[in-house]
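What follows is the residue order along each chain.
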Amino acid sequence: MDTTHNVIIIGSGPAGLTAAIYNARAELHPLVIAGLEPGGQLMTTSVIENFPGFPDGIEGPVLMQNMIAQAEKFDAKLVYENVVSVDFNQKPYKIKTPGNEYLTKSVIISVGSKPRRLDLESEAKYWGKGVSTCAICDAAFYKGKVVAVIGGGDSAMEEANTITKFAKKVYLIHRKNEFKASKIMQDKTFTNPKIEVIWNTVVNEIVGDMVVTGLTLFNNQTNTESELKVDGMFLAIGHIPSTEIFKDQIELDEVGYIKTPDGVHTSIEGVFVAGEVADPSYRQVITASGMGCKAALEAERYLSHLL
Ligand code: NDP
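Residues numbered from 1 in each chain as written. Predicted model: local features only at pLDDT ≥ 70, side-chain atom pairs only at ≥ 80, totals over all residues. Heavy atoms only, no water.

Participant: Would you explain the overall build of the protein in this entry?
Facilitator: Within the protein one finds 7 helices and 19 strands. Computed over C-alpha atoms, the radius of gyration of the protein comes to 21 Å, within 12% of the 19 Å expected from 2.2 N^0.38 for 307 residues, which places it in the range of a compact globule. Projecting the C-alpha coordinates of the protein onto the three principal axes gives extents of approximately 65 × 40 × 35 Å. Each of the 307 residues in the protein was classed as buried or not, and the buried ones make up 50%. (Helix = DSSP H or I, 4+ residues; strand = E, 2+ residues; numbered from the N terminus. Rg over C-alpha atoms; globule rule 2.2 N^0.38 Å. Buried < 20%, exposed > 50% of the residue type's maximum accessible area, 1.4 Å probe, protein only.)

Spelled out as structure tokens, the structure:
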């Protein structure tokens, strides 16, 4: 409790760890509150083929272990605790975990967001084995295959269209009889010959052996169940930013993302943001890392003015 840190980074996905590498190299001795399961969403991802510098791809967990090792090499300290509350009302800022209370001059929030799930047991079973939330990451694994995309927003349209570059057929399954996506995205979807829309339908169960082989569907108009053979299922039903602990401390938008005028600053001086917690659109490892770099440089600049 007696040390006031220069910078505390909350979260240990690519945004937080990139910030840690930059701030550690600048000899700011950042403390990373990494959570109980460090590494973020990439720890449950298989091969990443679009992170520059790895022509043969790299396993998500390996990439994150490498980032942790790189941050620690430059003297970033990671603690494996969950933040339970923050106090940005007075300086130095306070950050509480179940066992500790930390003081800091600046903060980088990089706690990410979670893809919304259907909350089916079978969804957990086949996560990474045919169930995905990222077409840019995983569509290439479905060359010549049949895939389902769930959702009716812009993400679902974008995922469905992306996957048709590889898959021979994409079923777009939506619980209503109209999409909420923008007209331009809908037009793109309706004119894509590889996409077939299944309206008024939800997924009751995901079936398979080692990997996904099909879905049990439920039509909410006819109240009937049916089976659909697919090789994979992509969820595009929105994301939930992990901002519950910040909601009385910092400005959030109506969905819960941290408000930022420029992708780095927040409504509180000395508190910066990086990664998916402020980015509903791109959600890539490279964009999260880029935001982490920017947040670290801004934190460094802020601290240099304090000294
Ligand atoms: P949205 O919240 O816009 O859409 C989520 C969709 O998933 C909705 O159709 C919703 O159904 C459906 N859904 C939610 N929960 C469930 C559930 N449990 N079971 C079945 N279906 C469910 O999220 P998006 O990720 O699509 O978009 C987020 C933001 O990012 C938006 O502002 C969007 O415009 C933007 N975006 C823009 C892009 C672009 O411009 N290129 C690309 C991607 C995203 P219902 O319709 O019934 O509510």
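Participant: Would you mind going over the environment of Glu123 with me for this structure?
Facilitator: Turning to its location among the elements, Glu123 is positioned in helix α3 (residues 121-125). Note on Glu123: relative accessible area 1%, which makes it buried. Apart from the residues lying within four places of it in its own chain, the contact partners of Glu123 are Arg117, Leu118, Val131, Ile206 and Leu235. (Contact = heavy atoms within 4.5 Å.)

Participant: Please clarify how a positive patch on the surface should be interpreted in this entry.
Facilitator: A cluster of basic residues, Arg116, Arg175, Lys176 and Lys180, forms a positive patch on the protein surface. Considering the arrangement of structural elements, one finds Arg175 in the loop between β12 (169-173) and α6 (183-190). (Patch = residues over 30% accessible without salt bridge, like charges linked within 9 Å, V, L, I, M, F, W, Y side chains within 5 Å. Areas by Shrake-Rupley, 256 points an atom, 1.4 Å probe, with all protein chains shown as cover. Salt bridge = Lys/Arg side-chain N within 4 Å of Asp/Glu carboxyl O. Lys, Arg positive; Asp, Glu negative; His and termini not counted. Charge placed at Lys NZ, Arg CZ, Asp CG, Glu CD.)

Participant: Sorry if this is basic, but what is going on with the sheet that holds β12 here?
Facilitator: Think of a sheet as strands paired side by side through backbone hydrogen bonds, with each pair either parallel or antiparallel. Read from one edge of the open sheet, 5 strands run β10-β17-β11-β12-β13, paired in parallel fashion. Two strands bound the open sheet, and with one partner strand each, they are β10 (131-132) and β13 (195-198). Here helix α5 (residues 154-163) sits on the sheet and contacts β11 (146-150), β12, β13 and β17 (232-235); the angle it forms with β11, its principal contact strand, is near 170 degrees. (Pairing = 2+ DSSP bridges. Axes fitted to C-alpha atoms, helices over the stretch in contact; angles between N-to-C directions.)

Participant: What exactly am I supposed to notice about the packing of α5 against α6 here?
Facilitator: Describing two packed helices takes the angle between their axes plus the distance from one axis to the other. At a closest axis distance of 9 Å, the pairing of α5 and α6 adopts a crossing angle of 35 degrees. Crossing angle aside, the handedness with which α5 passes α6 is left-handed. Along its contact with α5, which presents Asp154, Met157, Glu158 and Asn161, the element α6 presents Met185, Gln186, Lys188 and Thr189. Within the contact of α5 with α6, the residues separate by chemical class into 2 nonpolar, 3 polar and 3 charged. (Left-handed = near helix turned anticlockwise from the far one by under 90°. Nonpolar A, V, L, I, M, F, W, Y, C, P; charged D, E, K, R; others polar.)

Participant: How do you make sense of the site of the ligand when you look at a structure like this?
Facilitator: Residues in contact with the ligand amount to 17 residues; listed here are only the nearest, Asp154, Ser155, Glu158, Arg175 and Lys176. Contacts to the ligand include Arg175, whose side-chain N or O atom sits 2.9 Å from an oxygen atom. Contact distances for the ligand include 2.8 Å between an oxygen atom and a side-chain N or O atom of Lys176. Here the ligand, which alone exposes 910 Å², has 70% of that area covered by the protein. (Near = heavy atom within 4 Å. Polar contact = N/O pair within 3.5 Å; in protein donor to acceptor, adjacent residues only side chain to side chain.)

Participant: Quick question: what am I supposed to make of the nonpolar core here?
Facilitator: Note on soluble globular proteins: their nonpolar side chains tend to be buried together. Phe88, Ile108 and Ile109 are the most contacted members of the largest nonpolar core, which totals 55 residues. For this core, the leading source of residues is helix α7 (residues 285-306), giving 8 residues. Setting aside residues no more than four positions away along its own chain, Ile108 makes contact with Val7, Ile8, Ile9, Ile10, Ala19, Asn23, Phe272, Ala274, Ala295, Ala296 and Ala299. (Core = buried A, V, L, I, M, F, W, Y, C linked by side-chain atoms within 4.5 Å.)

Participant: I keep staring at the packing of helix α1 (residues 14-25) against α7 and nothing clicks. Help me out?
Facilitator: The contact between α1 and α7 brings their axes to 7 Å, and the two run at 40 degrees. By the angle between their directions, the pair α1 and α7 is classed as oblique. Like other packed secondary-structure pairs, α1 and α7 cross with a definite hand, here right-handed. Residues Pro14, Ala15, Thr18, Ala19, Tyr22 and Asn23 of α1 form the contact with α7, whose own contacting residues are Val285, Ala288, Ser289, Gly292, Cys293, Ala296, Leu297, Ala299 and Glu300. (Parallel < 35°, antiparallel > 145°, perpendicular 65-115°, else oblique.)

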